[in-house]
Amino acid sequence: MTKTKKLMNSPETIIPEMIEGMLGAHSDILTSFGATGRVLVAIDGPRDGKVGIVVGGGSGHEPAFSGYVGRGLADASAIGNVFASPSPEPILEATRAANGGAGVLYLYGNYSGDVMNFDMAAEHAKREGIEVRSIPVTDDVASATSERTGDRRGIAGDFFVFKIAGAAADRMGTLDEVEAVTRKANRLTATMGVALGACSLPQTLKPNFEIGDDQMEIGMGVHGEPGIRRAAVETADEVTAELMEHIQGELKLVKGDKVALLVNGLGSTSPMELYLLHRRAKLILDDLGVGIHRSFVGEYVTSLEMAGASITLLKLDDELTSLLDHPCLAPALRVGPPPVPVSQQFSDRLKRIAAEHPTEAKVQAASTGAVDGEGDLTAAIFAEMVRKVSFAIEDRADWLSELDGVIGDGDHGVTMGIGWRAVRTEIAEIGARESIEEICRRIAKAFLDAVGASSGPLYASAFLRAGETTGGRQRLDPAGVVAFLNGASNGVRERGKAEPGDKTMVDAWVPAVEQAQRALAEGGDIVDCLRAAAAGAERGMKATANIAARRGRSAKLGERSLGHIDPGSASTFLMIDAMRQSFETQTLDPVSRAQRPSRIS
């Protein structure tokens, strides 16, 4: 596979350096806030009595999302890793910065990772007394039928939804009013895209999907998720006609209607090509008797260097037209005359908010609350097992990303590697009296803060629930190990709302726990139980190839996901098997280890 090229210093620093560049280029509009370094705030925007607008998502879609932070648009954005949702902590920081006492509205693309992370942030904000409402953008008509609009992805339609929400909030509407008109805009926004070439992640420099030199894919998502059909490249007019046909099927425009039209480039499509699409889209609308109130042509929601484009229509009424025309000033969008600045001491406001929410103290390694317990799996052995997992995941990161590239966005190996490296750093040292539960809490926070995405909340929930089963002990016996695994499985199921047969990591966790419980019932020791769990996870992982996805990002593919292993189940197997190997290495000599029969037939 051909390697791609990027202008960067290193994959590890690309996000903070991009943020630094944005701040330098737009210092009159943006400032940073919070300890995570992943929040940008509008200098002229957040104010007392105003509904706060917080947007966010993975990097790689620039100018979305931070390019739409500014007066009359979003008040703050939370920035994730490439193609990965931000974690709850920066979302919460953005919430605090945007909060003016009238409530906060979250806007983000409808992806499982974004939903979980923004929901977790909203739960925390509620405990702080901040009322939060959430609207996942669902404009991609290719990703689900009109009967399942709640399952649709959010793509370039973010642009219009953000614009309407920001204007309504800037006019000092109530939270109910801002939410209502934003939901209307989301409902009346429809997008359809076409991809001509792949993009590549900074960490891999490999195309995240394969497409022939003479092929295109209609309906592809902004992370490279497969669309509705692949065919030979057609003319600009033919492609535009097909995209508009799907959009018209959704909006059902009639003579006399008005729309706003967005022709969006995905990263490496020239303005020349985009104007060809606009030309044909306008002719189609003219034939329908539909007027274009305002057009936008350019790169508004990209997918790194992906070749392709999308067309978005917002069906307008008088209210939406007025809000679309409302002045705004942000790095990526300026409408109307520059708004008169709000007369508030903005820097003093942010300093006050920061003082009210000091950075969380690092979990202390030393503890006196742990109890010894019984069993051969000690806290020190457990920590080494976790470190082994981090190396195992790194070793197979490319494989995980390749699996994800077929049915997802190709970043699973990258995301898992980032998360497990953060965990390894966090538990480089453990206290002499630190319990397994305390180590699990540190693992959960490190993983969640490092990656966000869907993996962050899922693994954080897994380790928190697993840790709770240990009751503060420093040692686990076979029953304790099996209870630990069951707790992790339950944590994943509760947070992700997935069940066996949905083609997610649950399909590896559940058989892992079942086989471990069976080994325990047959009198097995820790080695037996861990071997059984690994075998069950492996079987479950392989079985996902025969399951049509029902949850997660690949759920949009349905039957097209058949024949492919779920990447989340693959990383689950790698984790459980690495823990097994580490425990055996630490507690058995090589001869005994080789001679141990397996209890799983």
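Keep in mind that this is a model prediction, so the values were computed, not measured.

For the chain, the helix and strand inventory stands at 19 helices and 16 strands. A globule of 601 residues ought to have a C-alpha radius of gyration of about 25 Å, and the chain, at 25 Å, matches this closely. Along the first, second and third principal axes, the C-alpha set of the chain runs to 80 × 60 × 45 Å. Partitioning the intrachain contacts of the chain with sequence separation of at least 6 by distance along the chain shows that 75% fall at a separation of at least 24. Surface summary for the chain: the accessible area is close to 23,000 Å², and the carbon and sulfur share equals 52%.

This brings us to helix α18 (residues 567–587). Because the α-helix completes a turn every 3.6 residues, residues three or four places apart line up on one side. With 21 residues, α18 should cover 30 Å at 1.5 Å per step; its first-to-last C-alpha distance of 30 Å lies within 8% of that length. Buried residues dominate α18, accounting for 17 of its 21 residues. For α18, the side-chain oxygen to backbone nitrogen distance between the N-cap and Gly568 is 3.1 Å, and the N-cap itself is Asp566.

With respect to the helices, strands and loops of the structure, Ser310 is situated in strand β12 (residues 307–316). Assessed through its relative accessible area of 4%, Ser310 is described here as buried. When neighbours within four sequence positions are excluded, Ser310 is seen to be in contact with Ala156, Thr191, Met192, Gly193, Leu262, Val263 and Asn264.

Interaxial distance between helix α13 (residues 436–451) and helix α14 (residues 455–469) falls to 8 Å at its minimum, and their mutual angle equals 175 degrees. In terms of axis orientation, α13 runs roughly antiparallel to α14. Along the contact surface, α13 presents Glu437, Cys440, Arg441, Ile443, Ala444, Phe447, Leu448 and Val451, while α14 presents Ser455, Gly456, Pro457, Tyr459, Ala460, Phe463, Leu464, Gly467 and Glu468. Of the residues contributing to the contact of α13 with α14, the split by class is 11 nonpolar, three polar and three charged.

Quick look at the pairing of strand β10 (residues 258–265) now. Burial of β10 is extensive: seven of the eight residues sit out of reach of the surface. Running through helix α7 (residues 271–288), the crossover from β10 to the neighbouring parallel element strand β11 (residues 291–298) is right-handed. Bridging between β10 and β12 involves eight bridges; their strand directions are antiparallel. Each residue of the ladder has a partner; that of Asn264, found in β12, is Ser310.

The next thing to look at is the nonpolar core. Among the nonpolar cores identified, the biggest contains 69 residues, and Leu377, Phe382, Trp420, Phe463 and Met575 are the most heavily contacted of them. Discounting chain neighbours no more than four positions away, the residues touching Phe463 are Phe382, Trp420, Cys440, Ile443, Ala444, Phe484 and Met575. With 64 residues, the next largest nonpolar core counts Met22, Phe296, Leu316 and Leu323 among its residues.

With respect to the helices and strands, the residue Arg387 is situated in helix α10 (residues 379–395). Setting aside anything within four residues of it in sequence, one finds Arg387 in contact with Arg424, Ile427 and Ala428.

With 96% of its residues at a pLDDT of 70 or more, the chain shows a mean pLDDT of 93. Overall, residues 361–368 carries pLDDT values under 50, and its contacts beyond four positions in sequence, including any with other chains, amount to 12 contacts.

Another point: α13. Its 16 residues place the ends of α13 23 Å apart at the C-alpha level, agreeing with the 22 Å of an ideal helix rising 1.5 Å per residue. Along α13, 12 of the 16 residues are buried, which leaves the element largely enclosed by surrounding structure. Turning to α13, its buried residues number three or more, namely Ile436, Glu437, Glu438, Ile439, Cys440, Arg442, Ile443, Ala444, Ala446, Phe447, Leu448 and Val451. Immediately beyond the C-terminal end of α13, within one or two residues, lies Gly452, with a positive phi of roughly 60 degrees.

Right, let's talk about the pairing of β12 for a bit. When you tally the buried positions in β12, you get nine out of 10 residues, the bulk of the element. Two elements, strand β7 (residues 189–197) and β12, share eight bridges in a ladder whose sense is antiparallel. Its bridge partner lying in β12, Thr191 is registered against Thr312.

With that settled, the discussion passes to the sheet that holds strand β1 (residues 30–32). The strand order across the open sheet formed by six strands is β1-β2-β4-β3-β5-β6, and the pairing between neighbours is mixed. On the outer flanks of this sheet lie β1 and β6 (132–137), each paired with one strand and no other. Strand after strand, the sheet turns through a mean of 25 degrees between neighbouring axes, direction not considered. Where strand β3 (residues 52–59) and strand β5 (residues 104–109) come together, four bridges link them in parallel fashion. Counterpart to Ile53 in the pairing with β5 is Leu105.

What follows concerns the packing of aromatic side chains. Pairs of aromatic rings are described using the distance from one ring centre to the other and the angle between the two planes. The tally for this structure, following the rule as stated, stands at 15 aromatic pairs. Where Trp420 meets Phe447, the ring centres are 5.7 Å apart and the plane angle is 80 degrees; that geometry is what we call edge-to-face. With Trp420 in helix α12 (residues 412–426) and Phe447 in helix α13, this pair connects stretches of sequence that are 27 residues apart. For Phe447, a relative accessible area of 1% puts it in the buried group. With centroids separated by 6.1 Å and ring planes inclined at 80 degrees, the aromatic side chains of Trp420 and Tyr459 adopt a geometry described as edge-to-face. Taken as a pair, Trp420 in helix α12 and Tyr459 in helix α14 lie far apart in primary sequence, 39 residues in all. Pair check on accessibility: Trp420 and Tyr459 agree, each one buried. A connected cluster of aromatic rings, assembled from ring pairs, spans Phe65, Tyr68, Phe159, Phe160, Phe162, Phe296 and Tyr300.

Let us now look at the state of the cysteines. A complete count under the given rule lists zero disulfides for this structure. Cysteine Cys440 shares no disulfide, and the gap to the nearest cysteine sulfur, in Cys529, comes to 17 Å. Exposure remark for Cys440: the relative accessible area of 0% places this residue in the buried category.

What follows covers the pattern of salt bridges. This structure, assessed with the given rule, holds 41 salt bridges. Among the salt bridges present, the one from Arg47 reaches Asp170, with a minimum N-O distance of 2.9 Å. Residue Arg47 is located in the loop between β2 (39–42) and β3, and its partner Asp170 is located in helix α4 (residues 158–170); the two are separated by 123 residues in the primary sequence. Assigned by exposure class, Arg47 and Asp170 land together as buried. One network of salt bridges, in which partners are shared, links Glu131, Arg133, Asp176, Glu179 and Arg183.

Our focus in this paragraph is unusual backbone geometry. With an omega of 15 degrees, the peptide bond between Glu62 and Pro63 qualifies as cis. For Pro63, the position within the fold is in the loop between β3 and β4 (76–82). Residue Ala64 is joined to Phe65 through a cis peptide bond whose omega torsion reads 10 degrees. Locating Phe65 in the fold gives a position in the loop between β3 and β4. For Leu205, which is not glycine, the phi torsion reads 50 degrees and is therefore positive. Its place among the elements puts Leu205 in the loop between β7 and β8 (215–218). You will see that Ala453, though not glycine, has its phi angle at about 50 degrees, which is positive. Among the secondary structure elements, Ala453 is positioned in the loop between α13 and α14.

Thresholds applied
Residues numbered from 1 in each chain as written. Predicted model: local features only at pLDDT ≥ 70, side-chain atom pairs only at ≥ 80, totals over all residues. Heavy atoms only, no water. Helix = DSSP H or I, 4+ residues; strand = E, 2+ residues; numbered from the N terminus. Rg over C-alpha atoms; globule rule 2.2 N^0.38 Å. Contact = heavy atoms within 4.5 Å. Areas by Shrake-Rupley, 256 points an atom, 1.4 Å probe, with all protein chains shown as cover. Expected span 1.5 Å × (residues − 1). Buried < 20%, exposed > 50% of the residue type's maximum accessible area, 1.4 Å probe, protein only. Polar contact = N/O pair within 3.5 Å; in protein donor to acceptor, adjacent residues only side chain to side chain. Axes fitted to C-alpha atoms, helices over the stretch in contact; angles between N-to-C directions. Parallel < 35°, antiparallel > 145°, perpendicular 65-115°, else oblique. Nonpolar A, V, L, I, M, F, W, Y, C, P; charged D, E, K, R; others polar. Right-handed = clockwise from strand over helix to strand, strands pointing away. Pairing = 2+ DSSP bridges. Core = buried A, V, L, I, M, F, W, Y, C linked by side-chain atoms within 4.5 Å. pLDDT = per-residue confidence, 0-100. Phe/Tyr/Trp six-rings, centres within 6.5 Å; stacked < 30°, edge-to-face > 60°. Disulfide = S-S within 2.5 Å. Salt bridge = Lys/Arg side-chain N within 4 Å of Asp/Glu carboxyl O.

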